[in-house]
Amino acid sequence: MSKITPRRTFAIISHPDAGKTTLTEKFLLYGGAVQLAGSVTARRNQRASTSDWMELERKRGISISSTVLQFDYNGFRVNLLDTPGHQDFSEDTYRVLTAVDAVIMVIDAAKGIETQTRKLFEVCHRRGIPIFTFINKLDHPTKDPLELLDELEHVLGIGAYPMNWPIGTGQQFHGLFDRRGKTIHLFERVSGGEYRAPVEIFGLHDENMREHVDARVLATAQEEMSMLDGAGFSFDQDAILTGRQTPVYFGSAKNNFGVQLLLDGYLGFAPDPQPRRSAQGFVPAEEDEAFSGFIFKIQANMDPRHRDRIAFLRICSGSFSRDMFAIHARTGKKIRLSNAAKLFGQQRETVEEGFPGDIIGLVGHDDFGIGDTLTVDPAIVYDEIPRFPPECFALLHSPNPANYKRLRDGLDQLLQEGVVQSFQLLNSGSRTPVLAAVGPLQFEVVQYRLENEYGATTRLENTDWKLVRWVHPDTDLKQLSSKLLPTTTFLAEDVLKQPAIIFANDWALNYFLEQHKEVKLSDEPWPEESQK
Ligand code: G4P
């Protein structure tokens, strides 16, 4: 049997607090990767031992850095990529989404579609990523399940096909009807959800049914189900695989209810590793192709005991074996991939082999950057991963000049990881870097890591600047800077010395555009071709 077919590489996306972390834990429980998926409180205290490692994450109770968890379940090799929930880290999430074949979208049944759900959904939808939906927290009062389906269809614009249906909700939640398996799974409230909750399965016409299910609740559920059947919406695997229909599962992650139905359903219907687009066209995810992959995430100092740098690579074609050589497409260098690791929280294991869909952590290579291709076939170069336009800007001061070198070294590393972007103001005589980010929590991460990993204390001066635009390389900058720019507009350059202008707000940008009709601006760096 092919090594590729049983592989499933995916991420869970959600608005914070919908239950992504809880669901991840329950999946790990099924995969045998953790013995006991502790209650959330216990997890908060032990975060470092499962999927989060940064002290800051523990302190703030948020998930910042994405992790990759691999486990085997029912003949499948599961690669689960965790994504940061907070919107300030949406760029990191976006990068992770370039490395998956499908996603599970978790929705809080009481809240329906929330802002972050919608944003993440749109990213997936644009990329045509198949989306599976888990409507969580059925044990608590919820919106009407039919209304939730309607939201999926009308707010997100995706066809929704319920794979199971809740029998009652909140205090009246009795269980789920599996529409394809034609069975009823009864819910038992067990405190804490710490162990696998017992699930009893009855046939639809089981005589015991009425003993377990309140007659009125059952009647409502049956009515709803006949409405669903009557609506004539059919399960369409093709539409699922192209992201036009989402299979919907209901349940309660905390109570470990409906989780196995979701996991089994997901693994059965989700795509195996898909071909990946390169400059030369699609590269098939086949084992007998040339080895290739791309780096979607870099993180240094994940483990204080090692203090090294790991580049996460998604294998796209061929097979990886320890110590093999590959070409680093951006520099053309031939590199021996000797130090590849699989990570589980803080634990590392050397990877001997890998196949399309797998994620490997390449330890120590300073040259690797986000979006880089590694391949044995020089014709394969994967598309770059676009950056998000920053919306927050701050000056990073070094109160102690003796620390300046440490600050520079640390900042260079964090810039390579894409934690923030950085600019240098031109014509200001100041060496103080301007940090730019999607959200201010990214600045906190920079300050925290500079201090903890590089011993450099810093002072952050927030600004009310809001936008950056890259100036076309043909522009005569001398002329531009000689015409006095308004005080809310600053000429700057990025780390690759590409000229840009930072604006305080839309008004300043529009004013500039009116005054300088000849200047071409872009909200991302100009591509190399335009720089000749
Ligand atoms: P996130 O990663 O998406 O941010 O969410 P997370 O799993 O951390 O869950 C957020 C909160 O929702 C947690 O509560 C968690 O226990 C709760 N939760 C998750 N699944 C369910 C469910 O099926 N039913 C109910 N009722 N709650 C659920 P918390 O108050 O932050 O922590 P704790 O008091 O439960 O420890």
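Nothing here was measured: the structure is a model prediction, and the numbers come from that model.

Take the overall build of the chain next. In terms of regular secondary structure, the chain is built from 14 helices and 31 strands. For the chain, the proportion of its 532 residues judged to be buried stands at 56%. Put simply, 71% of the contacts in the chain that link residues at least 6 apart link residues at least 24 apart. Just so you have it, the chain exposes about 23500 Å², and 48% of that area is on carbon and sulfur atoms.

Time to look at unusual backbone geometry. Notably, Asp 17 is not glycine yet its phi reads approximately 80°, a positive angle. You will see that Lys 137, though not glycine, has its phi angle at about 70°, which is positive. The exposure class of Lys 137 is partly exposed, given its relative accessible area of 26%.

Tallied over the full model, the rule gives 17 aromatic pairs. Pairing Phe 10 with Phe 27 gives two aromatic rings, centres 6.3 Å apart and planes at 70°, and the pair type is edge-to-face. Of this pair, Phe 10 sits in strand E1 (residues 7–14) while Phe 27 sits in helix H1 (residues 20–30); the two residues are 17 residues apart in sequence, bridging distant segments of the chain. By relative accessible area, which is 0% here, Phe 10 ends up buried. For Phe 27, a relative accessible area of 0% corresponds to the buried category. With a centroid separation of 5.0 Å and 45° between ring planes, the pair formed by Phe 173 and Phe 187 is classed as tilted. Here Phe 173, found in the loop between strand E7 (164–167) and strand E8 (175–178), pairs with Phe 187, found in the loop between strand E9 (183–186) and strand E10 (200–203); they are 14 residues apart in sequence, far enough to count as distant.

Once that is clear, we can look at the sheet that holds strand E26 (residues 434–437). Spatially, eight strands are ordered E27-E24-E26-E25-E29-E30-E28-E31 in an open sheet, and the strand pairing comes out antiparallel. Of all the strands in the sheet, just strand E27 (459–462) and strand E31 (521–522) have a single pairing partner and so form its edges. Along the sheet, helix H14 (residues 506–515) contacts strand E28 (467–471), strand E29 (489–494), strand E30 (499–503) and E31; its crossing angle with E30, the most-contacted strand, is approximately 130°.

A few words on the site of the ligand. The immediate surroundings of the ligand are formed by 20 residues, with Asp 17, Thr 21, Thr 22, Asp 139 and Ser 252 found nearest. Asp 139 places a side-chain nitrogen or oxygen 2.8 Å from a nitrogen atom of the ligand. Computed on the free molecule, the ligand has an accessible area of 710 Å², of which 79% lies beneath the protein chains in the complex. Looking at the shell around the ligand, the elements that each hand over two or more residues are H1 and helix H2 (40–45). Per-element tally for the shell around the ligand: the top contributor is H2, with four residues. A breakdown of the residues in the shell around the ligand according to their chemical character gives four nonpolar, nine polar and seven charged.

Before going further, it helps to spend a moment on the environment of Gln 70. Looking at the element boundaries, Gln 70 is found in strand E2 (residues 68–73). Classification of Gln 70 as buried rests on a relative accessible area of 17%. The sequence separation of Gln 70 and Lys 342 amounts to 272 residues, and the corresponding C-alpha distance is 8.1 Å. Here Asn 79 takes part through its side chain, which lies 2.8 Å from a polar atom of the side chain of Gln 70.

Bringing the sheet that holds E2 into the picture now. Across the sheet, which stays open at both edges, the seven strands sit in the order E2-E3-E1-E4-E5-E11-E6 with mixed pairing between neighbours. The open sheet has two edge strands with one neighbour each: E2 and strand E6 (159–162). Averaged over all pairs of adjacent strands, the angle between their axes in this sheet comes to 30°, without regard to strand direction. Bridging between E2 and strand E3 (residues 76–81) involves six bridges; their strand directions are antiparallel. Each residue of the ladder has a partner; that of Gln 70, found in E3, is Asn 79.

Glancing now at the pairing of E6. Residues of E6 alternate between two faces, with Gly 159 and Tyr 161 on one and Ala 160 and Pro 162 on the opposite face, all of them buried. The pairing of E6 with strand E11 (residues 245–250) spans four bridges and is parallel. Bridging across to E11, Tyr 161 finds its partner in Pro 247.

The rules behind each value
- Residues numbered from 1 in each chain as written.
- Predicted model: local features only at pLDDT ≥ 70, side-chain atom pairs only at ≥ 80, totals over all residues.
- Heavy atoms only, no water.
- Helix = DSSP H or I, 4+ residues; strand = E, 2+ residues; numbered from the N terminus.
- Buried < 20%, exposed > 50% of the residue type's maximum accessible area, 1.4 Å probe, protein only.
- Contact = heavy atoms within 4.5 Å.
- Areas by Shrake-Rupley, 256 points an atom, 1.4 Å probe, with all protein chains shown as cover.
- Phe/Tyr/Trp six-rings, centres within 6.5 Å; stacked < 30°, edge-to-face > 60°.
- Pairing = 2+ DSSP bridges.
- Axes fitted to C-alpha atoms, helices over the stretch in contact; angles between N-to-C directions.
- Near = heavy atom within 4 Å.
- Polar contact = N/O pair within 3.5 Å; in protein donor to acceptor, adjacent residues only side chain to side chain.
- Nonpolar A, V, L, I, M, F, W, Y, C, P; charged D, E, K, R; others polar.

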